[in-house]
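The chain contents come next:
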Amino acid sequence: MHSDIKEILISQAELEKKAKNLASQINVHYKNKEVILLGLLKGSIIFMGDLIKYLDFPLEIDFMDVSSYYGAESIGDVKILKDMAAEVKNKHILIVEDIIDTGQTLFKIVNLLKERGAETVEIVTMLDKPEARKVKIYSKYVGFEVPKLFVVGYGLDYNEKYRNLPYIGVLKESIYN
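Here's what I pulled together on the structure shown here.

Calculation rules
- Residues numbered from 1 in each chain as written.
- Predicted model: local features only at pLDDT ≥ 70, side-chain atom pairs only at ≥ 80, totals over all residues.
- Heavy atoms only, no water.
- Helix = DSSP H or I, 4+ residues; strand = E, 2+ residues; numbered from the N terminus.
- Rg over C-alpha atoms; globule rule 2.2 N^0.38 Å.
- Buried < 20%, exposed > 50% of the residue type's maximum accessible area, 1.4 Å probe, protein only.
- Contact = heavy atoms within 4.5 Å.
- Areas by Shrake-Rupley, 256 points an atom, 1.4 Å probe, with all protein chains shown as cover.
- Lys, Arg positive; Asp, Glu negative; His and termini not counted.
- Charge placed at Lys NZ, Arg CZ, Asp CG, Glu CD.
- Core = buried A, V, L, I, M, F, W, Y, C linked by side-chain atoms within 4.5 Å.
- Salt bridge = Lys/Arg side-chain N within 4 Å of Asp/Glu carboxyl O.
- Pairing = 2+ DSSP bridges.
- Right-handed = clockwise from strand over helix to strand, strands pointing away.
- Phe/Tyr/Trp six-rings, centres within 6.5 Å; stacked < 30°, edge-to-face > 60°.
- Lys NZ or Arg CZ within 6 Å of the ring centre and 35° of its normal.

Focus: the overall build of the protein chain
Across its full length, the protein chain carries four helices and nine strands. The linear arrangement of helices and strands in the protein chain, starting from the amino end, is β-α-β-α-β-β-β-α-β-β-β-β-α. In terms of overall dimensions, the protein chain is globule-like: its C-alpha atoms have a radius of gyration of 16 Å, near the 16 Å expected for 177 residues. Projecting the C-alpha coordinates of the protein chain onto the three principal axes gives extents of approximately 50 × 35 × 25 Å. For the protein chain, buried positions account for 49% of its 177 residues. Taking as baseline every contact in the protein chain between residues at least 6 positions apart, the subset at least 24 positions apart corresponds to 67%. On the protein chain, roughly 9100 Å² of surface is accessible, and the fraction owed to carbon and sulfur atoms is 50%. Across the protein chain, the mean location of the 24 positive side-chain charges is 2 Å away from that of the 26 negative side-chain charges.

With respect to the nonpolar core
Counting residues in each nonpolar core, the largest one holds 28 residues, and the members touching the most others are Ile26, Phe47, Leu51, Val124 and Leu127. Breaking this core down by element, the ones donating at least two residues are helix H1 (12-30), strand S2 (35-41), helix H2 (45-52), strand S5 (92-100), strand S6 (120-128), strand S7 (141-145) and strand S9 (168-171). With six residues, H1 is the single largest residue contributor to this core. With residues up to four places along the chain from it excluded, the contact list for Leu127 reads Ile10, Asp98, Ile99, Ile100, Phe144, Val146, Val151, Leu156 and Ile168.

As for the pattern of salt bridges
Here the structure, examined in full by the defined rule, presents nine salt bridges. Among the salt bridges present, the one from Lys42 reaches Glu160, with a minimum N-O distance of 3.2 Å. Highlighted residues: Lys42 in the loop between S2 and H2 and Glu160 in the loop between strand S8 (151-152) and S9, separated in sequence by 118 residues. For the salt bridge of Asp50 with Lys53, the shortest nitrogen-to-oxygen distance reads 3.5 Å.

Description of the pairing of S5
Taking burial as the measure, the nine residues of S5 include nine buried ones, the bulk of the element. Sheet topology places S5 next to S6; eight bridges connect them, and they run parallel. The residue of S6 that forms the bridge with Leu94 is Glu122. Crossover handedness for the path S5 to helix H3 (residues 104-115) to S6: right-handed.

Here we look at the packing of aromatic side chains
This structure, assessed with the given rule, holds four aromatic pairs. Judged by centre distance (5.9 Å) and plane angle (35 degrees), the ring pair of Tyr30 and Phe57 falls under tilted. Of this pair, Tyr30 sits in helix H1 while Phe57 sits in the loop between H2 and strand S3 (59-70), placing them 27 residues apart in sequence. Its relative accessible area of 0% is what places Tyr30 among the buried residues. Connected via pairs of aromatic rings, a cluster forms that spans Phe150, Tyr158 and Tyr176. Seen from the ring of Phe144, Lys18 lies directly overhead, with NZ or CZ sitting 5.0 Å from the centre.

Examining the sheet that holds S9
If you walk across this open sheet you meet the three strands as S1-S9-S8, and the pairing is antiparallel. Two strands lie at the open edges of the sheet, namely strand S1 (5-10) and S8, each paired on one side alone. Here S8 pairs with S9 via two bridges, running antiparallel. Within S9, the residue paired with Val152 across the bridge is Gly169.

Okay, here's the thing in structure tokens:
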């Protein structure tokens, strides 16, 4: 598995330090608010697990499973495979995402949550890839900006593999071409 990685872009230590730093910023913003931490499956689970350890306000946890990818390509058609269970009306929603790529998935989810009556909807993402953006989407909390490369690890996958790498690595082109 490690031999499929061209280079390590962000180390495990850097990811853990950034999760703690992002949590510090989030703690200030959400003090004394009713918050639902919404993880987007499956990619966000490792980041969400690291982040939540440092959050010090009452929160609910929920998940949505959404998809817009086939292999290495975003197909643009966003599908909700599992909806969240919690009621969002008048709640503050913080979406936890592994990476913002084209932005299409998050754009749809943010608008859906606003339609459902969420008081606020914000995003925290470990990785942001602005060069790949196809829609205008804003993340209040961003860990790292990455170039338009195919990255895996720390929850990110290629055909459901590589999620368990403890770092963010660039996948060799020979693997997905």
